[in-house]
Amino acid sequence: MKNILTILRRDLAAYYTSPIGYIFMIVFLLVSVGLYITSFFTFPMADMRNFFSNLPILLCVFIPAVTMRVWAEERKENTWEMLLTFPMKARELVLGKFLACLVFYILTLASTITVPIMLKVLGRPDTGAMFGGYLGAFLMGAFFLSIGIFFSAFCRDQIVAFVVTLLACFALFLLGTNFIASAVDGAIPGLGSNLSRLLGVISHFDAFTRGVVELADLVYFIAWTVIFLALNIMFIEGRSRKGAKVAYATALALCFAIGMAFNWLASGQSFGRFDLTQDKIYTISDASKDILSKLDTPVQVKIYITPKDKMPTGMTQLEQDISDKLDDLKIASGGKLAFTPVHLEAANIMAEQEKMMKDKDADKDDEKDENKSIEKRMLEKGIEPFSVRAMSEDQVTNKLVYSSIGVAYKDKKEEIIPQVMPETIQELEYRLISTIYKLTRTKAPVVALVAPKEAVTIDPQMRAIYQQLGQPIPESDDPYEYLEKVLRYEKYDVQRVELTKDSPLPDNYDTLVVANPRSLNDRQRWEINRALVAGKKVVIAVQNYEWDYQMSRDGLRVNKRDENPKVNELLEFYGLGVDRDILMDSNQVPLTVQTNSLAAMLGGGTTVRFAMQMLISGDSMDPDVSITSRLSSVFYLWGSALTLDQDKLKQNGLEAKVIMNSGKSAWKVAKDAPLSRSVLEQPGPDAELKQYPLMAMVTGQFPDAFKDKPRPVWPEPEQRPGQPPRPSPPEDATVKPVTPAPGKLILLGCSEMFRKNFLQGGGGGNLDLFLNSVDAVTLGDDLIKVRGKKPIDRTIERPSDAKRNTWKAVNYAGMSSLIAAIGIVSAVTRRRSRNAYTVSFNGAEE
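Cut-off values and rules
- Residues numbered from 1 in each chain as written.
- Predicted model: local features only at pLDDT ≥ 70, side-chain atom pairs only at ≥ 80, totals over all residues.
- Heavy atoms only, no water.
- Helix = DSSP H or I, 4+ residues; strand = E, 2+ residues; numbered from the N terminus.
- Buried < 20%, exposed > 50% of the residue type's maximum accessible area, 1.4 Å probe, protein only.
- Contact = heavy atoms within 4.5 Å.
- Areas by Shrake-Rupley, 256 points an atom, 1.4 Å probe, with all protein chains shown as cover.
- Patch = residues over 30% accessible without salt bridge, like charges linked within 9 Å, V, L, I, M, F, W, Y side chains within 5 Å.
- Salt bridge = Lys/Arg side-chain N within 4 Å of Asp/Glu carboxyl O.
- Pairing = 2+ DSSP bridges.
- Right-handed = clockwise from strand over helix to strand, strands pointing away.
- Polar contact = N/O pair within 3.5 Å; in protein donor to acceptor, adjacent residues only side chain to side chain.
- Core = buried A, V, L, I, M, F, W, Y, C linked by side-chain atoms within 4.5 Å.
- Axes fitted to C-alpha atoms, helices over the stretch in contact; angles between N-to-C directions.
- Parallel < 35°, antiparallel > 145°, perpendicular 65-115°, else oblique.
- Left-handed = near helix turned anticlockwise from the far one by under 90°.
- Nonpolar A, V, L, I, M, F, W, Y, C, P; charged D, E, K, R; others polar.
- Expected span 1.5 Å × (residues − 1).

**Digging into the overall build of the chain**
Per the secondary structure count, the chain includes 30 helices and 27 strands. Counting the 846 residues in the chain, one finds 49% classified as buried. Once local pairs closer than 6 in sequence are excluded, the contacts in the chain between residues at least 24 apart make up 78%. Counting every atom, the chain has about 41600 Å² of accessible surface; 56% of that belongs to carbon and sulfur.

**Digging into a nonpolar patch on the surface**
Residues Ile23, Val27, Leu30, Val31 and Leu35 make up a contiguous nonpolar surface patch of about 400 Å² in total accessible area. Judged by its relative accessible area of 45%, Ile23 falls in the partly exposed class.

**Some words on the pairing of strand β13 (residues 511-515)**
Across the 5 residues of β13, 5 count as buried, placing the element largely inside the fold. In this structure, strand β9 (residues 446-450) lies alongside β13, joined through 4 bridges in parallel fashion. For Val450, the partnering residue across the bridge sits in β13 and is Val514. Relative to strand β14 (residues 537-541), β13 runs parallel, the two being bridged by 5 bridges. Paired with Val513 across the two strands is Val539, which belongs to β14. Regarding topology, helix α22 (residues 522-533) serves as the crossover connection from β13 to the parallel β14, and that connection is right-handed.

**With respect to the environment of Glu481**
Looking at the secondary structure, you find Glu481 in helix α21 (residues 481-489). Residues Glu481 and Pro452, 29 residues apart in the sequence, show an inter-C-alpha distance of 9.7 Å. Excluding its chain neighbours within four sequence positions, the residues that come into contact with Glu481 are Arg496 and Lys756. Side chain to side chain, Glu481 and Lys756 meet in a polar contact 3.1 Å long.

**Re the nonpolar core**
Membership of the largest hydrophobic core comes to 83 residues, with the highest contact counts inside it found for Phe143 and Phe144. With 12 residues, the single largest contributor to this core is helix α8 (residues 127-152). Residues contacting Phe143, with those up to four places away along its chain left out, are Leu172, Val201, Tyr220, Phe221, Trp224, Thr225 and Phe228. In terms of nonpolar packing, the next biggest core, distinct from the first, is built from 44 residues, Tyr480, Leu483, Val625 and Ile659 among them.

**Things to note about the environment of Ala171**
The topology assignment puts Ala171 in helix α9 (residues 158-175). Each C-alpha atom of the pair Ala171 and Gly200 lies 8.2 Å from the other, and the pair is 29 residues apart in sequence.

**Thoughts on the sheet that holds strand β8 (residues 415-417)**
The pairing of strands in a sheet comes from backbone hydrogen bonds and takes either a parallel or an antiparallel form. Read across the open sheet, the 4 strands follow the order β4-β3-β7-β8; overall the sheet is mixed. Each edge of the open sheet is held by one strand with a lone partner, namely β4 (337-343) and β8. Across the sheet, the mean angle from the axis of one strand to that of its neighbour is 20 degrees, orientation sign disregarded. Strand direction decides the pairing type here: strand β7 (residues 403-408) and β8, joined by 3 bridges, are antiparallel. Within β8, the position partnered with Gly406 by the bridge is Ile416. Running over the sheet, helix α19 (residues 428-439) touches β3 (299-305), β4, β7 and β8 and is turned about 30 degrees from β7.

**Focus: the sheet that holds β9**
The sheet built from 7 strands is open, its strands ordered β12-β9-β13-β14-β27-β26-β24 with mixed pairing. A strand with exactly one partner marks an edge of an open sheet, and here the two such strands are β12 (493-497) and β24 (654-661). Pairwise comparison of adjacent strand axes, ignoring direction, gives a mean angle of 15 degrees for this sheet. The sheet contacts of α21 involve β9, β12 and β13, and relative to β12 the element is tilted by about 160 degrees.

**Considering the packing of helix α2 (residues 19-40) against helix α3 (residues 49-67)**
Taken N-terminus to C-terminus, the directions of α2 and α3 make an angle of 160 degrees; their axes are 9 Å apart at the nearest point. As judged from the angle between their axes, α2 and α3 are roughly antiparallel. You can see that α2 and α3 cross each other, and the crossing is right-handed. Contacts from Phe24, Phe28, Val31, Ser32, Val33, Leu35 and Tyr36 in α2 reach Asn50, Phe51, Asn54, Leu55, Leu58, Leu59, Phe62, Ala65 and Val66 in α3. Of the residues assigned to the contact of α2 with α3, the class counts are 13 nonpolar, 3 polar and no charged.

**Side note on the pattern of salt bridges**
This structure, assessed with the given rule, holds 29 salt bridges. Taking the shortest distance from any N to any O, the salt bridge between Asp11 and Lys97 comes out at 2.9 Å. Here Asp11, found in helix α1 (residues 2-16), pairs with Lys97, found in helix α6 (residues 90-110); they are 86 residues apart in sequence, far enough to count as distant. There is no split in this pair, since Asp11 and Lys97 are both buried. Across the pair Asp477 and Lys756 runs a salt bridge, and its minimum N-O distance is 2.6 Å. Of this pair, Asp477 sits in strand β11 (residues 476-477) while Lys756 sits in helix α27 (residues 756-759), placing them 279 residues apart in sequence. Residue classification places Asp477 among the partly exposed residues on the basis of a relative accessible area of 24%.

**Focus: α8**
For α8, with 26 residues, the first-to-last C-alpha span of 37 Å sits near the 38 Å given by 1.5 Å per residue. Counting buried residues in α8 gives 21 out of 26 residues, a clear majority hidden from the surface.

**Some remarks on the side chain of Ser662**
Mapping Ser662 onto the fold places it in the loop between β24 and β25 (666-669). At a separation of 2.8 Å, a polar atom in the side chain of Ser662 contacts the main-chain amide nitrogen of Tyr692. When neighbours within four sequence positions are excluded, Ser662 is seen to be in contact with Asp585, Ile616, Ser620, Lys690, Gln691, Tyr692 and Leu694.

**What to know about the environment of Gln550**
Summarising the element assignment, Gln550 is placed in strand β15 (residues 545-552). Residue class for Gln550 comes out partly exposed when judged on its relative accessible area of 38%. Gln550 sits 43 residues away from Val593 along the chain, and the two C-alpha atoms are 7.5 Å apart. Ignoring any residue separated from it by four or fewer positions in sequence, one finds Gln550 in contact with Gly555, Leu556, Arg557 and Asn559. Reaching out from Gln550, the side chain makes a polar contact with the side chain of Asp548 at a distance of 2.9 Å.

Structure (structure tokens):
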């Protein structure tokens with residue numbers, strides 16, 4: 001150990017006795033941190049995945065520059081033989097030099113500490129994922145260092161050593177990318193995928209950046225680092241022995257064969273893992289285990305998938321990834337989940353259809369079910385192939401593949417989870433558990449959905465386009481149709497009602513969802529009050545105002561339209577309300593305003609950023625409530641603040657918990673205040689900046705707001721022009737009594753966020769907020785906890801200009817200036833020491 005430390009100190013000092021070591025550190029810092037910071041403040045997120053994704057290619061250049069001098073410089077300066085005559089063993093020399101390079105690399109990597117500090121100050125980063133990323137960077141750096149030292153021993157020239165190591169590192173990097181693997185597979189099928197599994201480094205590094213330490217990946221980096229160091233030691237030891245070249249070549253081939261064999265056996269396997277993420281998002285949740293433990297008979301799961309050798313390169317590991325996830329669930333269920341793969345090929349069904357087209361005279365009655373291909377039978381069950389992009393030779397083509405999962409329980413119809421892709425594997429636990437949970441229910445919960453539909457006005461230009469395309473011209477639009485669709489997809493029994501005499505609430509339902517109530521009459525408020533008194537679960541999303549942005553020759557015009565919900569007349573009786581003033585927040589989301597219908601179709605328009613377009617980050621949500629605990633952000637478009645009279649709530653025996661607030665830099669503008677562009681973009685001098693409640697959960701026995709009052713009658717429907725009056729059937733005068741029971745109300749001051757144009761394509765936090773709210777009041781917290789087991793984007797509230805400039809300075813110049821200052825101080829100190837030694841030496845001679 002003493003000899004190893006001696007070499008370590010000697011070589012490490014060599015990096016810092018000249019400016020080159022400091023220059024390397026500063027350049028690496030400026031490039032790695034600079035690339036990350038350049039895009040960070042455009043869409044600020046407390047996540048370092050983008051930083052670590054740039055690291056492999058940077059290390060392919062930086063590591064060869066660090067290791068090129070390790071042995072090549074010894075040969076060039078003729079210190080090679082002298083070093084080998086020291087009373088040291090070859091392994092001590094190699095390990096000493098390797099550790100010196102490793103310490104230098106660790107110090108360089110540690111200089112990026114300003115990035116995690118910035119994320120910690122500005123947002124809520126996942127410290128476990130950051131630690132995993134740095135651990136992966138350390139292991140990959142050690143691996144590349146061992147390669148660089150290995151090649152440096154063969155070269156007399158540092159430039160040659162640099163180029164050879166650069167090519168080796170780049171080869172390992174590129175072979176692991178799907179692009180290169182797909183290109184090679186296009187030329188020689190299967191070769192690119194095999195090379196990626198055998199030699200590629202990216203797939204092993206990616207797991208660390210997610211915050212997962214796979215034992216197979218850990219062993220991969222350690223084993224190959226040890227192999228290259230061992231080969232380096234063998235080369236140094238046998239440099240002058242007779243027959244050393246043959247023995248070394250044999251050892252080289254044997255070591256590489258063992259390493260490649262290990263890679264082959266371990267590829268796609270999981271020998272165990274450590275989930276470092278803050279919320280253990282890659283570990284089966286306790287809620288999933290609880291749901292599976294309650295099964296009285298095993299669930300049968302089938303993986304309908306294209307064989308591995310027929311899959312595009314980027315999907316060759318998909319079956320293994322699905323199987324690994326199902327294995328985890330199988331263990332967690334205690335054997336109450338079983339799965340089997342079923343291999344399907346789209347080519348078979350296409351060939352069968354082609355045969356049927358050719359054989360038109362065949363007697364269809366003679367076609368027996370057992371003669372059908374399995375793909376044909378699966379097609380009848382709703383399992384269809386879908387198209388994905390694949391690279392074939394030098395072209396990008398579409399390929400039909402199967403990747404679906406079937407879930408069967410008892411004698412119920414098999415439920416199909418379609419199109420399971422590599423990027424959706426993390427959502428697979430929720431999709432499976434939610435399907436299992438809903439299969440085990442004896443009856444689907446009934447949700448009564450009250451949401452308005454709107455008449456559509458089509459301008460002549462758009463009408464002409466519809467006619468040219470041969471499409472029907474829409475006369476009405478349902479802005480909340482997506483709410484109904486996602487609830488049905490989640491296996492709820494949704495009954496859409498208008499809450500009128502002709503479309504009343506159903507006799508039996510579990511949850512009432514009221515989105516964007518408009519001009520509620522007494523009878524409608526009576527129906528909502530009756531539901532709350534009876535202990536029904538109610539979700540109300542209120543929209544006070546909508547804003548109309550219109551482009552004209554004079555510029556952008558902004559008009560406010562009052563939705564006039566008339567819901568406060570009921571809510572105020574309980575001690576609640578939706579503030580009629582206009583709420584604004586400094587954390588905003590830009591919107592694109594189309595100048596005309598053609599621009600809307602082509603995706604063009606003008607971008608506007610007004611303070612009513614609020615982005616609510618996770619910092620403003622209650623982390624202890626399942627509805628909001630795992631949400632990263634929601635788009636609170638044109639929403640309002642809530643008012644809570646705690647004294648009145650307490651008097652009524654109700655408990656209200658605010659689960660979402662605005663940002664700390666929010667303010668209100670009086671509802672009748674004159675509006676100008678400056679008012680809509682920034683707070684006035686007298687504005688009070690603070691947090692306002694946006695969403696509340698109220699529980700308890702709701703009092704009857706219509707106690708001792710007669711039931712209001714339904715207003716007569718409006719008579720349409722040119723049509724005779726439509727008499728309404730008489731209503732039953734008997735009012736069915738209800739038994740009071742504790743209820744639950746979720747009140748939200750925004751419904752615009754749930755319109756279909758903000759939910760289509762995934763909906764982000766808005767969709768999760770809606771589903772979490774309905775699930776929480778209807779089913780409980782288990783499914784919400786499972787749904788939350790996925791990475792969140794951890795959006796950061798947009799920092800002020802002063803903060804942005806400060807952190808840019810810290811990251812761009814802070815650590816770099818510190819390193820440069822240390823280098824200058826070190827150089828001055830060494831120079832003074834040399835001068836003092838020279839003076840003392842000359843004095844001694846005199």
